[in-house]
Amino acid sequence: MNTSDSLRGDIRRIKGIGEKRAQALNKLGVFSLFDLISYFPRRYEDRSTVRPVGLLSDGEAATICVICGDEPRLSRIRRGLDLVRFRAYDDSGEITITYFNQPYVRNQIHRGGSYRFYGRVEVHGSRRSMVNPACEPEEASGPLSVTGRIVPVYGLRSGLQQKLVRQSVRQGLDSCLSSLPEVLPDALRREFRLADAAFAYEAIHFPESIQALEQARRRFVFEELFVLSCALGSRQRSTQDGIRIPAADFEAFYAALPFSPTAAQRKAVMEAAEELSSGRQMNRLLQGDVGSGKTLVAAALIWQSSKAGYLSLFMAPTEILAEQHYATLSEFLAPFGIRIALLTGSQRAAEKRAVREALERGELDLVVGTHALLSEGMEYPRLALAVTDEQHRFGVDQRARLARSGTEALPPHVYVMSATPIPRTLALIIYGDLSVSILDELPPGRQPVETFCVNSGYHTRLLAFIRKLCGEGRQVFVVCPKVEEEAEPGSDGEPGFQAADGAEQNLLSAVEYAQKLRGELPELRIDCLHGRMKPAEKGTAMQKMLSGETDVLVATTVIEVGVDIPNAALMLVENAERFGLSQLHQLRGRVGRGKHQSYCVLVTDNKSDDVQARMKVLCESADGFRIAEEDLRLRGPGDFFGSRQHGLPEMHLADLGAETETLLRAKKAAERLLTEDPQLQEPEHRDLNDRVRILEEKMNGTLN
Ligand code: ADP
Ligand code: MG
């Protein structure tokens, strides 16, 4: 059997992994043996150095090697709470160890025995203690031991424990370590001095040293980027036939607008219009900073399509946005007699039916809507153009479905709009086969949003500022990172070890914040908007803000995407450290859309260099591209890319922003290889070919 085939086999086939464990692993997205060994640790704890008890300081996480000084005692504090406690010592000092609700520890630890413990130390005066430390006998060794070595820490879901994942990965590795496929050709490995697969898989999970870990990591970063480059490189730019939409004279369209389009808007319209009339299918991305006027560009293309008798779809990520786009597009397009309908999930069945029937009768030129556009039974005769706004909010398959939603012999043209600028090097790799238009100019007359960063000590002054602005008739957004206070999901779930992260963070919840604000500003009308509300309720809240019935809207990031309220003059972001730079930039884009001077205030009490650096970028720059680049540099692409934004597969290790060097090298190497062996047919490229195919399956045609 081909090694790659066995790697694709179900984890249930691995010795030691039964049904129950398999189901738990499935929750992590681990189905095959390959998934399992590719489930890399999220971080590591270096527990290798054994520290003398007497030198431990408060708060330190450390491994100690001690002798148990007395027989562990079990005491019941009250129902549901018991503890086992004992003293232990080494040459340098003594420590008290306590386990809560783990009575069995009593049978595992005995007076006079030698054990290693790893945990966080507390020091009170001259007394030292540890609570629920990881523990094993001093003689324990091997990759699965949890003290005295570097220990992997995996990302978990509730109900799973580190131990289970570690054991499963170990069993997975043992079952294939001698027959692992090698996707990197020997010559390439030599050229770039990369570790081989067997070493790398072992060391990424159970490193013997920091150096070994680094070697493994370096290899996988290269491998990921190399395989990705091979997958992208073997794709051809779409040359699929498309519906030919005759070119139109856009001056007629522009003349009917309330303003004249910017040069960037005109250029973007021309670039797309040319492709629409080319007879090839268009797959184009429009990138434009918040407020750059992307809607207008889409409207022009919809106008071109409708003139030729074709239907267009316009899909927005939320109902609020769909409604707003419906209103804006109607304003732009109704003067031309273009027939527009709105379709959202919360509409009554009768309304939806009316839209469906109008479509059947050919009475519509444009349908604006949410995901409801893609629901069962919707058919779109004469569909020629599918536009999605804020594309990163859509799942990959939703976009693919949109592209397949027409009933014509030819697929519709696809136009995706994004306000998340992507740094140029990255765009080249991601959209190597997609055409891109850029709106790099804001409509005239915009005043830059004045941005400040303050700490929560400014609260009273901010209240006065809100009062003043609202007194002048302006409106205010307040954004909080969470809906309601809820317990942070706890530790790394390892029995006998309480993780030290998940530090207490005093997050302000939107609901609580609104309540507090109502008390502080009783004369103002304060409303709240968050993701857990029903769509209709959200709609009402947004509507009240639009009509000026609300002075201050306290919200979660549901307002992040495109909603336009020109009268809003202040965006106040609480716990700003919790947001990514690009996200903050998006939020800021919600104000400064009217004629009033607008402000953005970022509130954070986090003084770390990293957070302060991020805030500084925002205060100094209004350029979405520059901010995106900084975001990548400072934070890495994890959040930047969301889980699978842009259709890119998730990178396990590679940091697409920071590793531009490796990325370019891997890309070059891939191109070279593909010129020698375009189909990856050579026997020595078989494993690579397999891996590229797995990746392509994952990307599932979403990049074209
Ligand atoms: P975004 O790119 O963020 O989606 P919008 O399409 O919502 O931007 O446009 C932002 C605002 O700018 C809207 O109120 C729109 O009417 C206005 N606008 C768009 N183009 C122009 C222009 N050329 N001149 C003046 N205002 C414009
Ligand atoms: Mg928009």
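As a reminder, the structure under discussion sits directly above these lines.
Rules and cut-offs
- Every chain begins its residue count from 1, and numbering advances along the sequence as written.
- Chains carry letters and ligands carry numbers; both start at the beginning, A for chains and 1 for ligands, and go up in the order they are written.
- Predicted model: local features are reported for residues with pLDDT of at least 70 only, side-chain atom pairs are reported and counted for 80 or more only, and whole-chain, interface and lining totals are derived from all residues.
- Only heavy atoms go into the side-chain values, all of them from the structure, while hydrogens and water stay out.
- A run of H or I in DSSP becomes a helix once it reaches four residues, and a run of E becomes a strand once it reaches two; helices and strands are each numbered from the N terminus.
- Relative accessibility decides the category of a residue: with a 1.4 Å probe and only protein chains considered, values under 20% of the type maximum give buried, values over 50% give exposed, and everything between is partly exposed.
- Contacts are assigned to residue pairs with any non-hydrogen atoms lying within 4.5 Å of each other.
- Exposure was quantified through the Shrake-Rupley algorithm and a 1.4 Å probe, taking into account, for residues, occlusion by the shown protein chains and nothing else.
- Each nonpolar core is a collection of buried residues, namely Ala, Val, Leu, Ile, Met, Phe, Trp, Tyr and Cys, held together in the definition by side-chain atoms within 4.5 Å.
- Following DSSP output, two strands are said to pair if at least two bridges run between them.
- Between N-to-C directions, angles cover 0 to 180 degrees, with each direction set by a line fitted to C-alpha atoms, over the stretch in contact for helices.
- When the strands point away from the viewer and the connection leading from the first strand across the helix to the second strand turns clockwise, the crossover is called right-handed.

Considering the overall build of the protein chain
And step 1. Of the regular secondary structure elements, the protein chain holds 24 helices and 22 strands.
And step 2. Within the protein chain, the proportion of its 704 residues that are buried is 54%.
And step 3. Long-range contacts, defined as pairs at least 24 residues apart, comprise 74% of the intrachain contacts of the protein chain with a sequence gap of at least 6.
And step 4. In the form shown here, the protein chain has an accessible surface area of approximately 31,700 Å², with 49% of it arising from carbon and sulfur atoms.

Considerations on the nonpolar core
And step 1. Ranked by internal contacts, the top residues of the largest apolar core, which has 42 residues, are Phe253, Phe314, Leu333 and Tyr415.
And step 2. Sorting the residues of this core by element identifies α9 (251–255), α10 (263–276), α11 (294–307), α12 (319–333), β12 (340–343), β13 (366–369), β14 (383–388) and β15 (413–418) as the ones contributing at least two each.
And step 3. Here the element with the most residues in this core is α11; it accounts for eight residues.
And step 4. Not counting residues within four places of it along the chain, the set of residues in contact with Phe253 comprises Leu296, Ala299, Ala300, Trp303, Phe332, Leu333 and Phe336.
And step 5. Residues Val30, Leu160, Ala212 and Ala216 belong to the second largest nonpolar core, which totals 34 residues.

Quick word on the sheet that holds strand β17 (residues 450–454)
Hydrogen bonds between backbone groups are what pair the strands of a sheet, and the pairing can be parallel or antiparallel.
And step 1. Spatial strand order, β17-β22-β21-β18-β20-β19: six strands in an open sheet with parallel pairing. At either margin of the open sheet sits one strand with a lone partner, and together these are β17 and β19 (526–529). Ignoring strand direction, the axes of neighbouring strands in this sheet form an average angle of 20 degrees.
And step 2. Across five bridges, the pairing between β17 and strand β22 (residues 599–603) is parallel. Each bridged residue has a counterpart across the sheet, and for Val454 the counterpart in β22 is Val603.
And step 3. Together, β18 (475–479), β19 and β20 (552–555) form the strand contacts of helix α18 (residues 535–546), whose direction differs from that of β19 by roughly 140 degrees.
And step 4. Contacts from helix α19 (residues 581–588) reach β17, β18, β21 (568–573) and β22 within the one sheet, and its direction differs from that of β21 by about 155 degrees.

Thoughts on the sheet that holds β13
And step 1. One open sheet holds the seven strands; their spatial order is β12-β13-β11-β14-β15-β10-β16, and the pairing between them is parallel. A single partner strand is all that each edge strand has here, and the edge strands are β12 and β16 (435–439). Neighbour-to-neighbour, the strand axes of the sheet open up by a mean angle of 20 degrees, direction not taken into account.
And step 2. Looking at chain direction, strand β11 (residues 311–315) and β14 are connected through five bridges and run parallel. Directly across from Leu311, in β14, lies its bridge partner Leu383.
And step 3. Its contacts with the sheet put α10 on β10 (283–288), β14, β15 and β16, and the angle it makes with β16 is roughly 160 degrees.
And step 4. On the sheet, α12 packs against β11, β12 and β13 and is oriented at approximately 180 degrees with respect to β12.

Some remarks on the pairing of β21
And step 1. Of all six residues that make up β21, six are buried, and the element is covered over most of its length.
And step 2. Sheet analysis places β18 next to β21, joined by five bridges and oriented parallel. Considered in β21, the bridge of Val479 is made with Val573.
And step 3. For β21 and β22, the ladder comprises four bridges, and the chain directions are parallel. Bridge pairing in β22 places Met571 opposite Cys600.
And step 4. Traced from β21 through α19 to β22, the parallel crossover comes out right-handed.

Note that every value here comes from positions in space, so none of it alone points to a role or purpose.
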